[in-house]
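# Close look at the chain arrangement
The primary structure of each chain is shown beneath.
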Amino acid sequence: MAAPTGVVYQSQCGGYSYAQYEQEGYLVPLYGTDLDEDMKAIFVGELKGHGYRGREWPAGVLDRLRAAVDSLGMYRSGRHDDLYPTSLILDESRLSEAAEAWIPVVTPDGPGVLVWENSD
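Per-chain numbering applies: the sequence of each chain, read as written, is numbered from 1 onward. In view of the model being predicted, local features appear only for residues whose pLDDT reaches at least 70, and side-chain atom pairs are presented and counted only at 80 or more, with totals across whole chains, interfaces and linings using the full set of residues. Hydrogens and water molecules were not included; the side-chain quantities draw on all heavy atoms of the structure.

## Here's the deal with helix α2 (residues 59–70)
Each turn of an α-helix holds 3.6 residues, which means side chains three or four residues apart point in the same direction. Working definition: helices are DSSP H or I runs of at least four residues, strands are E runs of at least two. Numbering for both runs from the N terminus. Here the expected length of a helix is defined as 1.5 Å per residue gap, with one fewer gap than residues. For α2, spanning 12 residues, the distance from its first C-alpha to its last is 17 Å, which sits close to the expected 16 Å at 1.5 Å a residue. Val61, Leu62, Leu65, Ala68 and Val69 are the residues of α2 that are buried. Around the axis of α2, the buried residues are gathered within 120° of arc, so they sit on the same side. Working rule for contacts: check all heavy atoms of both residues, and any pair within 4.5 Å makes them a contact. Taken together, the buried residues of α2 touch α1 (37–46), β5 (89–90), β6 (102–107) and β7 (110–115). For every residue, the accessible area (1.4 Å probe, protein chains only) is compared with the maximum for its type, and the residue is labelled buried under 20%, exposed over 50%, or partly exposed between those bounds. When we speak of the arc, we mean the arc of directions from the helix axis to the C-beta atoms.

## Things to note about the confidence of the model for the chain
On average, the chain scores 81 in pLDDT, and the residues at 70 or more come to 82%. The predictor attaches a confidence to each residue, called pLDDT, with possible values from 0 through 100. Here strand β3 (residues 74–75) stands out as the least confident element of the chain, with mean pLDDT 62; β5 is the most confident, with 91.

## Observations regarding unusual backbone geometry
Glycine aside, residues mostly have negative phi, and peptide bonds are mostly found in the trans state. At alanine 101, a position not held by glycine, the phi torsion is positive, near 70°. Tracing the backbone through its elements, the reader meets alanine 101 in the loop between β5 and β6. Residue alanine 101 is classed as buried on the basis of its relative accessible area, which comes to 0%.

Encoded structure:
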């Protein structure tokens, strides 16, 4: 989650580009089995392990990415007045930042980044 916490998280992303991306904020773990399988199918399978930052997304791949983010399940906000959890949503306004293992998302708590283990 992006927030002015003074804590900066770094992650190796972008497939074989070995890029280091970072975000100031706090960590919200998602729990489940094989949550990154759809992401791996897109980035490792279809895009062959290459990051995708700054490139134009083919419509079919972008549709699968939207569905993969949505399929991660419900996100429960940290606010006590949030009675209804919602799904994460691909933040298409920040799509130029997206890369393998680094996907911008919108949550009930604001902007965030979805990360998982880099494929390289």
